[in-house]
Structure formats: structure tokens, C-alpha cells
Amino acid sequence: MQIIALINQKGGVGKTTCAVNIGAGLNKLRKRVLLIDLDPQAHLTYSLGIPAHELNNTVYELLKGTVTLKETIIERNGLSLVPSSLNLSGAEIEFSGVAGREFLLKETAEGLKKFDYVFIDCPPSLGLLTLNALTTAQNVYIPLQTEFLALQGMTKLLETVAIVKKRLNKDIEIAGIIATRFDCRKNLNREVVEKIKEYFGDKLFNTLIRDNISLAEAPSFGKTIFEYKSNSYGAEDYLDLCKEIIKRG
Ligand SMILES: Nc1ncnc2c1ncn2[C@@H]1O[C@H](COP(=O)(O)OP(=O)(O)OP(=O)(O)O)[C@@H](O)[C@H]1O
Ligand SMILES: [Mg+2]
């Protein structure tokens, strides 16, 4: 079992799109996958067609300790999801005085053993929620949009992971960099990929996730790319990425 946190404090780089479609792709390849939506925006939950605002048992109640992991899990077409709720938006402040606040998620992680992969979709910040993902996971994947300033803020992110490794979770590793929204016709995109390669070496997955309109459309139908358009570039790329993830072990 691997627990992987999808992290980047920069917004809109493809964290949630990766969570949905890597999850669905691995599931297609017969892996048991759990997705945890740790973002108060609940985009992952909504992207899978689940009305977050109507739910009582969400990751918020889980962190509060009033429900168990099992009680929060929603089964959806082969994928398991711990949904988020807008209540989570107060969590940073609400939990800030709680002893052991960095480990609230980890404490609930007992029941995760039956999954092959657990992905945690993080909000665009390096606050308490992301810290909880970093203490629970062994691996970090960083999605990077292949645009100007892709690597801006990276020092801060790497520093945060290094501090967590030193003080809170010695197992945590940056295991993969995912280049997203790649457009091979744009020189800038190609240059940015080269820069990412220079910076991260072979941590960068060979599969580049191309810019693909179907990937942007699918969430509004509550569908993964494989359910929405299985013959799209998006489906092709995410399936290739999943094969690479399995190969890396
Ligand atoms: N490869 C792609 N091609 C086209 N559009 C994409 C692609 N990947 C993501 N998008 C779109 O870009 C936007 C941002 O993606 P996404 O929500 O996955 O980013 P995020 O990092 O989770 O954002 P946030 O930081 O707000 O949580 C979304 O509208 C999404 O549909
Ligand atoms: Mg997101």
C-alpha cells in the first residue's frame, strides 16, 4: 500500500485532475484505489459527481474524530472516495490549538491497508491540511503546469517537505513530478519541461499530460476522463502515466 500526497501550493496546476484520473486509471489497471479530498473547495468530490454540500460524513468529521474512516468512504464505480466538505475551510483555525494537530489524518489511517494506492488531494497552500497529508503519506507527487513560473515557490515547497521529513515523518519522499497541460506547439512549454528535467532529473514522469479540453470538461459531468471520453488524449496520457506509476513500484 502506498499513500501519495498531491501537493503544490500554487493553485490550478492540476492536482485534482491528477487525483481523479490517476485514481480512475489505476482502477482500470485493476488496482484498489482510495482518494481522499483534503481540500475545502471539495473539487475532487464534485468532480466525481458527488454533492459535497449534502454530506454529513466527510473528511472534516473524520479529522474531528466524530466518525471513522469506514463511515466516510463513498464507493463510486470501482473508486473509493473520502469526500470533503466546505466545513473544512475553518479547519486551519479550528484545529490550530489541538495537540497533535499535524497527525489528525494519520490517526485515522488504520483502515487504509486494503488499498493498493491512496491519493490525498491537497489544497493550494502549505498549511495545516497539507501538513496532515505529509505526515500520513510516504510519497509526494508534485503536479507542475508547463507554463511560465512553473517552478516558482518550489524552494518553499521542498523546504516544507524537508522539515516534515526531519521532524514529523522520516518516510516522506518526493517520488514524482507530473508535467501537466503540456502543449508541444508552444516553445515555452517545451522549455519549461527542460527546466523541470534539469531541476528534478528522473523524478519527472516521462508521460507529459497534454492540454486537453476533455480533461477540463469531464468534471462538469461528474465523470472521470475514462467515463467521459475514453478515446481522448487525456485518457491516453493518464493511462500511460498510471502504467509508469505501477512500474516505479
Ligand atoms: N491537462 C489539462 N488540459 C486541460 N485542462 C486541464 C488539464 N489539467 C487540468 N485542467 C483544468 O485546469 C483547471 C485547474 O486544474 P485542477 O483543478 O486539477 O488544479 P488544482 O491544482 O487542483 O487546483 P486548486 O489548487 O484550486 O485545487 C481545471 O479547470 C481543470 O479542468
Ligand atoms: Mg484542486
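Refer to the structure printed above.
For clarity, every value in this text was computed on a predicted model and none was experimentally measured.

Could you give an account of the overall build of the chain, naming the residues involved and the relevant values?
Helices and strands together make up the secondary structure of the chain, namely 11 helices and 7 strands. Expressed along its principal axes, the backbone C-alpha trace of the chain runs to roughly 50 × 40 × 30 Å. Looking at the chain alone, contacts between residues at least 24 apart form 77% of all its contacts between residues at least 6 apart.

Go over the pairing of strand 7 (residues 173-180), please, and point to the residues and values.
The pairing of strand 6 (residues 139-145) with strand 7 spans 7 bridges and is parallel. From the neighbouring strand, Gln-145 faces strand 7, where its bridge partner is Thr-180. For the segment spanning strand 6, helix 7 (residues 154-167) and strand 7, crossover handedness is right-handed.

Account for the pairing of strand 1 (residues 2-6), naming residues and giving values.
Burial of strand 1 is extensive: 4 of the 5 residues sit out of reach of the surface. Across 5 bridges, strand 1 lies against strand 5 (residues 117-121) in parallel orientation. Paired with Ile-4 across the strands is Phe-119, a residue of strand 5. Sheet topology note: the strand 1/strand 6 ladder contains 3 bridges and is parallel.

Kindly report on the site of ligand 1, identifying the contributing residues and their values.
Residues in contact with ligand 1 amount to 19 residues; listed here are only the nearest, Gly-11, Lys-15, Thr-16, Thr-17 and Pro-124. Taken together, the elements giving at least two residues each to the shell around ligand 1 come down to helix 1 (15-28) and helix 9 (213-217). Per-element accounting of the shell around ligand 1 gives the leading share, 3 residues, to helix 1. Residue composition of the shell around ligand 1, by class: 6 nonpolar, 9 polar and 4 charged.

Please set out the sheet that holds strand 6 residue by residue, giving values where relevant.
Note on sheets: strands pair through backbone hydrogen bonds, and any given pair is parallel or antiparallel. Strand order in this open sheet of 7 strands is 3-4-2-5-1-6-7, and the pairing throughout is mixed. For this open sheet the edge positions go to strand 3 (74-76) and strand 7, each flanked by a neighbour on one side alone. Each strand axis lies, on average, 25° off the axis of its neighbour in the sheet, ignoring direction. Bridging between strand 2 (residues 33-37) and strand 4 (residues 79-82) involves 3 bridges; their strand directions are parallel. Across the sheet, residue Leu-34 finds its bridge partner in strand 4, namely Ser-80. The sheet contacts of helix 1 involve strand 1, strand 2, strand 4, strand 5, strand 6 and strand 7, and relative to strand 5 the element is tilted by about 165°.

Summarise the nonpolar core; cite the residues concerned and give the values.
Ranked by size, the top nonpolar core spans 67 residues in total, and within it Ala-5, Leu-6, Ile-120 and Ala-133 carry the most contacts. Leu-6 has contacts with Lys-15, Cys-18, Ala-19, Phe-119, Ile-120, Asp-121, Cys-122, Tyr-141 and Pro-143, leaving out every residue within four places of it along the chain.

Conventions used here
- Residues numbered from 1 in each chain as written.
- Chains lettered and ligands numbered in written order.
- Predicted model: local features only at pLDDT ≥ 70, side-chain atom pairs only at ≥ 80, totals over all residues.
- Helix = DSSP H or I, 4+ residues; strand = E, 2+ residues; numbered from the N terminus.
- Contact = placed C-beta atoms within 7 Å.
- Pairing = 2+ DSSP bridges.
- Right-handed = clockwise from strand over helix to strand, strands pointing away.
- Buried ≥ 20, exposed ≤ 12 C-beta atoms within 10 Å, placed from the backbone.
- Near = placed C-beta within 6 Å.
- Nonpolar A, V, L, I, M, F, W, Y, C, P; charged D, E, K, R; others polar.
- Axes fitted to C-alpha atoms, helices over the stretch in contact; angles between N-to-C directions.
- Core = buried A, V, L, I, M, F, W, Y, C linked by C-beta atoms within 7 Å.

Shape is all these values report; function is a separate question.
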